[in-house]
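Spelled out, the chains give:
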Amino acid sequence: MKYRFFAIMLLFVMVINIFKYQIPYVQYHMFKNYIAKNLCVNKDVKNSCCKGKCFLEKQIKSIDE
């Protein structure tokens, strides 16, 4: 029973480690309007086509470090 628990925990940690790069993309697509309106660096620039992608790039860079 003890080994089963450790195996499940190890599998859970490995899955999180594999999907850590996809999590910001999922969050970006789920909250795209909120990010573009409130968290975007270029939100004050008129005719900017960023729409929150600058925030997504910062999130991905923080994961790489």
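Calculation notes
Residues numbered from 1 in each chain as written. Predicted model: local features only at pLDDT ≥ 70, side-chain atom pairs only at ≥ 80, totals over all residues. Heavy atoms only, no water. Core = buried A, V, L, I, M, F, W, Y, C linked by side-chain atoms within 4.5 Å. Buried < 20%, exposed > 50% of the residue type's maximum accessible area, 1.4 Å probe, protein only. Helix = DSSP H or I, 4+ residues; strand = E, 2+ residues; numbered from the N terminus. Contact = heavy atoms within 4.5 Å. Phe/Tyr/Trp six-rings, centres within 6.5 Å; stacked < 30°, edge-to-face > 60°. Lys NZ or Arg CZ within 6 Å of the ring centre and 35° of its normal. Disulfide = S-S within 2.5 Å.

A.B. asks: Break down the nonpolar core for me, citing the residues and quoting the values.
C.D. replies: Membership of the largest hydrophobic core is limited to five residues, which are Tyr 28, Ile 35, Phe 55, Leu 56 and Ile 60. Among the elements that make up this core, the one with the highest residue count is helix H4 (residues 53–64) (three residues). Here Tyr 28 is in contact with Ile 35, Cys 50, Lys 51, Gly 52, Lys 53 and Leu 56, once residues within four sequence places are set aside.

A.B. asks: How would you sum up the packing of aromatic side chains? Please name residues and give values.
C.D. replies: Scanning the entire structure with this criterion turns up one aromatic pair. Lys 2 extends its terminal NZ or CZ atom over the ring of Tyr 3, reaching a point 5.9 Å from the ring centre.

A.B. asks: I'd love a proper account of the state of the cysteines, names of residues and values included.
C.D. replies: Here the structure, examined in full by the defined rule, presents zero disulfides. Free cysteine Cys 40: the closest other cysteine sulfur is in Cys 54, separated by 3.4 Å. Judged by relative accessible area, Cys 40 falls into the buried class, the value being 5%. Counting only cysteine sulfurs, Cys 54 is the nearest neighbor of Cys 50, a cysteine outside any disulfide, at a range of 3.3 Å.

That's the geometry; what it means functionally is another story.
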